Amino acid sequence: MPDAHAADPDSKDLPGTAPPPDPPLRIPLRFEDWLTVLTLGALACITLANVIVRYLTAESFAWTEEISVFLLIVLTLSASSSAFVRLLHIRIELLADGGGAARRRRFALAAGAVSLLFFAGLTILLGRMALDEYNWGDTSPAIGVPTWWYSMWLPVLSAVITLRLAGILRRAWMQI
């Protein structure tokens, strides 16, 4: 009996079966994609090393948890940037894709503006946090390195998302 959930070779035209093509961009999403892949690979290798060491010696590498948390944040921010541009981020599709073209444009502008304001504020706050960690000389608990080594990348990645959102908002504004 054929599986009802198996992929149908003739389902190329069905929505949701293939990823949509990337929109034409001045700066391609290659940077975010490679950063996401490399971060996920590093995270998998570090976690695997910790599991093997923990299994063989009943001890763990304390530094792996610290770096894993940092890599998870980098992974989230880098993947979010490309998800926004590709319209694969979390949204209410009934509202975002429903109605006429003018309604969809208004929703795209509103969602883009709110997201842009959020990430612009997040960039500022993360920058202040990194600067505070630098000024106060905070060190990480496991390795003892300055915590600003980790946190200085967060406002940079948040700024990348902010710039991508500004481009999305500009393209939505130009659509008539």
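Since this is a predicted model, take the numbers as computed values, not measurements. (Residues numbered from 1 in each chain as written. Predicted model: local features only at pLDDT ≥ 70, side-chain atom pairs only at ≥ 80, totals over all residues. Heavy atoms only, no water.)

1. What about the confidence of the model for the protein chain?
1) Next: Here the protein chain shows a mean pLDDT of 84. Residues at 70 or above account for 89%.
2) Next: Looking at the elements of the protein chain, mean pLDDT is at its lowest for helix α3 (residues 93–96), recorded as 71, and at its highest for helix α5 (residues 148–151), recorded as 93.
3) Next: A low-confidence stretch, residues 1–6 stays under pLDDT 50, and its non-local contacts, those more than four residues away or across chains, total 0 contacts. (pLDDT = per-residue confidence, 0-100. Helix = DSSP H or I, 4+ residues; strand = E, 2+ residues; numbered from the N terminus. Contact = heavy atoms within 4.5 Å.)

2. Some thoughts on the packing of helix α2 (residues 62–85) against helix α6 (residues 153–174)
Each pair of packed helices gets described by two things: the angle between the helix axes and the distance between those axes.
1) Next: Taken N-terminus to C-terminus, the directions of α2 and α6 make an angle of 10°; their axes are 9 Å apart at the nearest point. Put simply, α2 runs roughly parallel to α6. Contact residues: α2 offers Phe70, Ile73, Val74, Leu77, Ser80, Ser81, Phe84 and Val85, while α6 offers Trp153, Leu154, Leu157, Val160, Ile161, Arg164, Leu165, Ile168 and Arg171.
2) Next: A class-by-class count of the residues in the contact of α2 with α6 yields 13 nonpolar, 2 polar and 2 charged. (Axes fitted to C-alpha atoms, helices over the stretch in contact; angles between N-to-C directions. Parallel < 35°, antiparallel > 145°, perpendicular 65-115°, else oblique. Nonpolar A, V, L, I, M, F, W, Y, C, P; charged D, E, K, R; others polar.)

3. Here we look at the nonpolar core
1) Next: Phe84, Ile161 and Leu165 are the most contacted members of the largest nonpolar core, which has 23 residues in total.
2) Next: For this core, the secondary structure elements donating two or more residues are α1 (30–57), α2, α4 (101–136) and α6.
3) Next: When sequence neighbours within four positions are dropped, the list of residues in contact with phenylalanine 84 reads His89, Ser115, Phe119, Ile161, Leu165 and Ile168. (Core = buried A, V, L, I, M, F, W, Y, C linked by side-chain atoms within 4.5 Å. Buried < 20%, exposed > 50% of the residue type's maximum accessible area, 1.4 Å probe, protein only.)

4. Looking at empty space enclosed by the protein
1) Next: Here the structure, examined in full by the defined rule, presents 1 cavity of 30 Å³ or more.
2) Next: A volume near 30 Å³ is recorded for the largest cavity.
3) Next: If you go around the largest cavity, the residues you meet are Phe31, Glu32, Leu35, Leu77, Ser78, Ser81, Leu157, Val160 and Ile161.
4) Next: Where the lining of the largest cavity is concerned, the elements lending two or more residues are α1, α2 and α6.
5) Next: Partitioning the lining of the largest cavity into residue classes produces 6 nonpolar, 2 polar and 1 charged. (1 Å grid on protein atoms, 1.4 Å probe; cavity = no way out; pocket = protein on both sides within 12 Å on 5 of 7 lines; lining within 4 Å. Points joined across faces, edges and corners; volume = space filled by probe spheres on them.)

5. Thoughts on the packing of aromatic side chains
1) Next: In this structure the tally under the stated criterion is 5 aromatic pairs.
2) Next: Between tryptophan 148 and tryptophan 149, the aromatic rings sit 6.5 Å apart at their centres with planes inclined by 85°, giving edge-to-face as the arrangement.
3) Next: A relative accessible area of 25% means that tryptophan 148 is categorised as partly exposed.
4) Next: Through successive ring pairs, a cluster of aromatic residues spans Phe84, Phe118 and Phe119.
5) Next: Over the aromatic face of tryptophan 173 sits the side chain of arginine 105, whose NZ or CZ is 5.6 Å from the ring centroid. (Phe/Tyr/Trp six-rings, centres within 6.5 Å; stacked < 30°, edge-to-face > 60°. Lys NZ or Arg CZ within 6 Å of the ring centre and 35° of its normal.)

6. Let's talk about α6
1) Next: If you check α6, its first and last C-alpha atoms are 32 Å apart, about what 22 residues at 1.5 Å a residue would give, namely 32 Å.
2) Next: Here α6 has its buried residues at Leu154, Pro155, Leu157, Ser158, Ile161, Thr162, Arg164, Leu165, Gly167, Ile168, Leu169 and Ala172.
3) Next: Residues of α6 that are buried make contact with α1, α2, α4 and α5. (Expected span 1.5 Å × (residues − 1).)

7. Here's the deal with the environment of arginine 86
1) Next: Structurally, arginine 86 can be placed in the loop between α2 and α3.
2) Next: C-alpha separation for the pair arginine 86 and isoleucine 168, spaced 82 residues apart in sequence, amounts to 9.7 Å.

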